[in-house]
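Per-entry structural report
What follows is the residue order along each chain.
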Amino acid sequence: MRIAWFCIPAHGHTNPTLALVRALTDAGHEVYYFSFEMFRQKLEAAGARFVSCDGYDFEMEDKENADRVGKDKAFASELLVSSTLALDDMVAERIREIRPDLIVSDSVAFWGKLTAMKYGIPYVSSTTTFAFNRYSAAYMRHGVGETLKMIATMPKINRQIQRLRDKGYPVKGFLDIVQNDNETNTIVYTSKYFQPRSETFSERYHFIGPSIRPIEHPFQKTAEKTVYLSMGTVNQNPAFYRNCIDVLREMDCQVIVSMGTNPERFDDLPERIEVYESVDQMAVLSIADAFLTHCGMNSTSEGLYFRVPLVLFPQTPEQDAVAKRTEELGAGVRLRSTSKSDIAAALHAVLNEPKYRENASKVSDSFRACGGTAEALAFLESLVP
């Protein structure tokens, strides 16, 4: 079986796919992974044949553009169409060469879905966030104002859709591109238990559980309680970090902080507070008793997999949905504010009230009961005679 796989230039969307890519290539299938140079090494290590999307005026690589996509639907449609058309000639040539039996694409790498539509190739959505339909979408914060703006910009969106039609993409409207339905074959990297409104999704949705990397650089547990603080790679909120550190100075516990690209530096820290630019997150979570997180889907899943209760501080609508579900299942406490008193209260709760670890363990059990890459492999193989 030959598979053309498309993904966006983001670690959080690429990393969960690596184990499945490895399972496919180990089983003798060919995976042609359309991605970006920064991911070449890890994709080739998983056995994929890397296809570069660099150098095609691909605007989705720009972080400012990516941030704006979630807020401005007209801009999102223009960027989606422009990015798809920028890749059009290269993708057409490679599809003719590869002649894939199947196209798999990240749920927001819409150019992969459009390619499948254009060439009539069976399609599978790879969903590294929650699966969304009209029921689970209630977990996302979309106000009346955004709906009105969406309606007001429809003519602009329709002009972008026409650009796709002119290049041979059989697209009826914007929702054709961005929305999957119960007829869409889909792999979701979470459990039915953690997925909001999972009962509303058809049997075509396979909830295979999160992809958990092996521990490579173990951390030693040096206190009865260990607190881990990480807000992802790009969080730039120095006041929040300072308040957290001030609170943690007063607590009798081991503290491990992953700063990402945040330039904030701290002086005169006690030895039990360790600050790093990055860490082996699996290793830290394996010894942690509380995890203060931005609620990215991967980080949240990894924390819950290791039965660690969470302090929830989401930064985007998608992260807010993850926080809402975690809170709903009783596996974490949402920060009311970034004040020291609220940070201290949330940490005290998850560290000292057993119900939070018990509920995190229920989510963990649901992850561990999933079919994982074996289920996904069998599912993909079943789609190609």
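Note: the structure precedes this text.
First, a word on scope: everything that follows refers to the structure included in this document. Please read these numbers as outputs of a predicted model, since none were measured by experiment. (Residues numbered from 1 in each chain as written. Predicted model: local features only at pLDDT ≥ 70, side-chain atom pairs only at ≥ 80, totals over all residues. Heavy atoms only, no water.)

**A word on the packing of aromatic side chains**
Enumeration over the complete set of coordinates arrives at 11 aromatic pairs. A ring pair is formed by Phe 194 and Phe 367, whose centres lie 5.9 Å apart and whose planes are at 90 degrees; its orientation type is edge-to-face. Note that Phe 194 is positioned in the loop between β6 (185-188) and β7 (205-207) and Phe 367 in helix α15 (residues 354-368), a separation of 173 residues in sequence. By relative accessible area, which is 0% here, Phe 194 ends up buried. Exposure remark for Phe 367: the relative accessible area of 4% places this residue in the buried category. Site record: aromatic cluster; members linked through ring pairs are Phe 130, Phe 194 and Phe 367. The ring centre of Tyr 169 lies 4.4 Å from the NZ or CZ of Lys 118, which sits over that ring. The cationic tip of Arg 368 hangs over the ring face of Tyr 305; the distance from NZ or CZ to the ring centre is 3.9 Å. (Phe/Tyr/Trp six-rings, centres within 6.5 Å; stacked < 30°, edge-to-face > 60°. Helix = DSSP H or I, 4+ residues; strand = E, 2+ residues; numbered from the N terminus. Buried < 20%, exposed > 50% of the residue type's maximum accessible area, 1.4 Å probe, protein only. Lys NZ or Arg CZ within 6 Å of the ring centre and 35° of its normal.)

**Topic: the sheet that holds strand β2 (residues 30-35)**
Backbone-to-backbone hydrogen bonds join strands into a sheet, with any given pair of strands oriented parallel or antiparallel. The parallel open sheet is built from seven strands, whose spatial order is β3-β2-β1-β4-β5-β6-β7. Taken across any chain shown, the strands that pair with only one partner, and hence form the sheet edges, are β3 (49-52) and β7. Across the sheet, the axes of successive neighbouring strands diverge by a mean angle of 20 degrees, strand direction being ignored. Summarising the sheet, strand β1 (residues 2-6) and β2 pair through five bridges and their orientation is parallel. Considered in β2, the bridge of Arg 2 is made with Glu 30. Seen against the sheet, helix α6 (residues 110-119) touches β1, β4 (102-106) and β5 (123-127) and runs at an angle of roughly 155 degrees to β4. (Pairing = 2+ DSSP bridges. Axes fitted to C-alpha atoms, helices over the stretch in contact; angles between N-to-C directions. Contact = heavy atoms within 4.5 Å.)

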